[in-house]
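# Topology and contacts: notes
If you want the building blocks of each chain, they are given just below.
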Amino acid sequence: MILADKIIELRKKSGMSQEELADKLGVSRQSVSKWESAQSTPDLNRILKLGEIFSVSTDVLLKDELDIEQAASVSAGSADSDSPDETEPPMRHVTMAEANEFLEKNEKHSLFTAIGVALCILSLLVPLIADILVGGTRLEDFGAVIMFVIVAAAVALFIFSVMLMQPFDFLGHELIDTEYGVDGMVKDKQNRFRPKHTLNVVLGVILCVLSPVPVIIFDILNLNADIGVLILFGMVAAAVFVLVRSGIINSGYKKLLQEENYSRRKKLRAASTVGKVIGAFWLIVTAVFLAYSFITMDWRRSWIIWPVSSLLCPVVAMITGAVCKKSK
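Residues numbered from 1 in each chain as written. Predicted model: local features only at pLDDT ≥ 70, side-chain atom pairs only at ≥ 80, totals over all residues. Heavy atoms only, no water.

### Some points on the nonpolar core
- With 18 residues, the main nonpolar core has Ile121, Leu124, Leu128, Phe233, Val236 and Phe289 as its most contacted residues.
- Secondary structure elements with two or more residues in this core: α7 (96-123), α8 (125-134), α12 (225-257) and α14 (271-296).
- Grouped together as the second largest cluster of nonpolar side chains are 17 residues, Ala99, Phe102, Phe168 and Met185 included. (Core = buried A, V, L, I, M, F, W, Y, C linked by side-chain atoms within 4.5 Å. Buried < 20%, exposed > 50% of the residue type's maximum accessible area, 1.4 Å probe, protein only. Helix = DSSP H or I, 4+ residues; strand = E, 2+ residues; numbered from the N terminus.)

Take a look at the structure:
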């Protein structure tokens, strides 16, 4: 069976018209008609795309001696072994231009989000500084005012960042089909970023681990412990900035490549639910931290909520993922 006949048979088995197949391939209906009448043949990129659309190998399409029925049964058997009870929904096409635009905006998103999180942490320093400098006077109340102004600026950054990435929200929970060349481009950028990401993670973890050291040293030397607390919050803010920014950039590559938490299998198993739970988790942590800190005014101890929550976050994600899998 020649290529033209195979395209006709595969298209009809898929229940597609020539127009629908042409839309998926990004060509005109006349081009598909010429392929099926053997007046012309598709180029290599289109053949690869045809293989993806019909779930057959390029060998099946190009080698006349290979039978479509046998190839289809083998393909169906392997699909059943991977996912016996699931049928993949239609995939959303992502062009090279869209991929580059997403990566560019994701860089800005990572910066704005990291700055916003760091500002939330640093805002807590303002009342402490006011207490050190003008404690016991009416000027001390301005510390709380400045703190809320900083938090408002952080919230504005969060909102702007979310709106910036809204057109690409589908990448986190929908199955995608990238244009030829996108995967190679993204993998190249991911490989070049990997050493920097590793360094950022190491730096962030070290800063978190060492952050209590200034408080301990100031206490041993009988110096003003509040200054040690200021340094502690500064180190935590720096660590969070580095970890958040690097993590968002790295997750952007994984979204386009559909790796790890963004793999097709995990998307089919409600990976988006995990993301929503984690988002709610951090909102609750922030609320608990602020409530406890303001009620007790024990800022020297309340910071422990952040490192403990960081350790619990992966556990929450794992439990949520397990529950989602069992419910499917």
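### A closer look at the pattern of salt bridges
- Going through the model one piece at a time under the given rule, you end up with eight salt bridges.
- Residue glutamate 52 is joined to lysine 49 by a salt bridge in which the shortest nitrogen-to-oxygen separation is 3.9 Å. Of this pair, glutamate 52 and lysine 49 both sit in helix α4 (residues 44-54), three residues apart, roughly one helical turn.
- Given the relative accessible area of 47%, glutamate 52 is considered partly exposed.
- Residue classification places lysine 49 among the buried positions, given a relative accessible area of 11%.
- Lysine 49 is the salt-bridge partner of aspartate 177, the closest N and O atoms lying 2.3 Å from each other. Separated by 128 residues along the polypeptide, aspartate 177 in strand β2 (residues 176-178) and lysine 49 in helix α4 bring together distant segments of the chain. Assigned by exposure class, aspartate 177 and lysine 49 land together as buried.
- Via salt bridges that share partners, Lys49, Glu52 and Asp177 belong to a single interconnected network. (Salt bridge = Lys/Arg side-chain N within 4 Å of Asp/Glu carboxyl O.)

### Regarding the packing of aromatic side chains
- Applying the stated rule across the entire model yields three aromatic pairs.
- Taking the centre distance of 5.3 Å and the plane angle of 65 degrees together, the rings of phenylalanine 112 and phenylalanine 160 count as edge-to-face. Here the residue phenylalanine 112 occupies a position in helix α7, and phenylalanine 160 occupies one in helix α9 (residues 141-165), the gap between them amounting to 48 residues.
- Positioned over the ring face of phenylalanine 170 is arginine 92, at 3.8 Å from the centre of the ring. (Phe/Tyr/Trp six-rings, centres within 6.5 Å; stacked < 30°, edge-to-face > 60°. Lys NZ or Arg CZ within 6 Å of the ring centre and 35° of its normal.)

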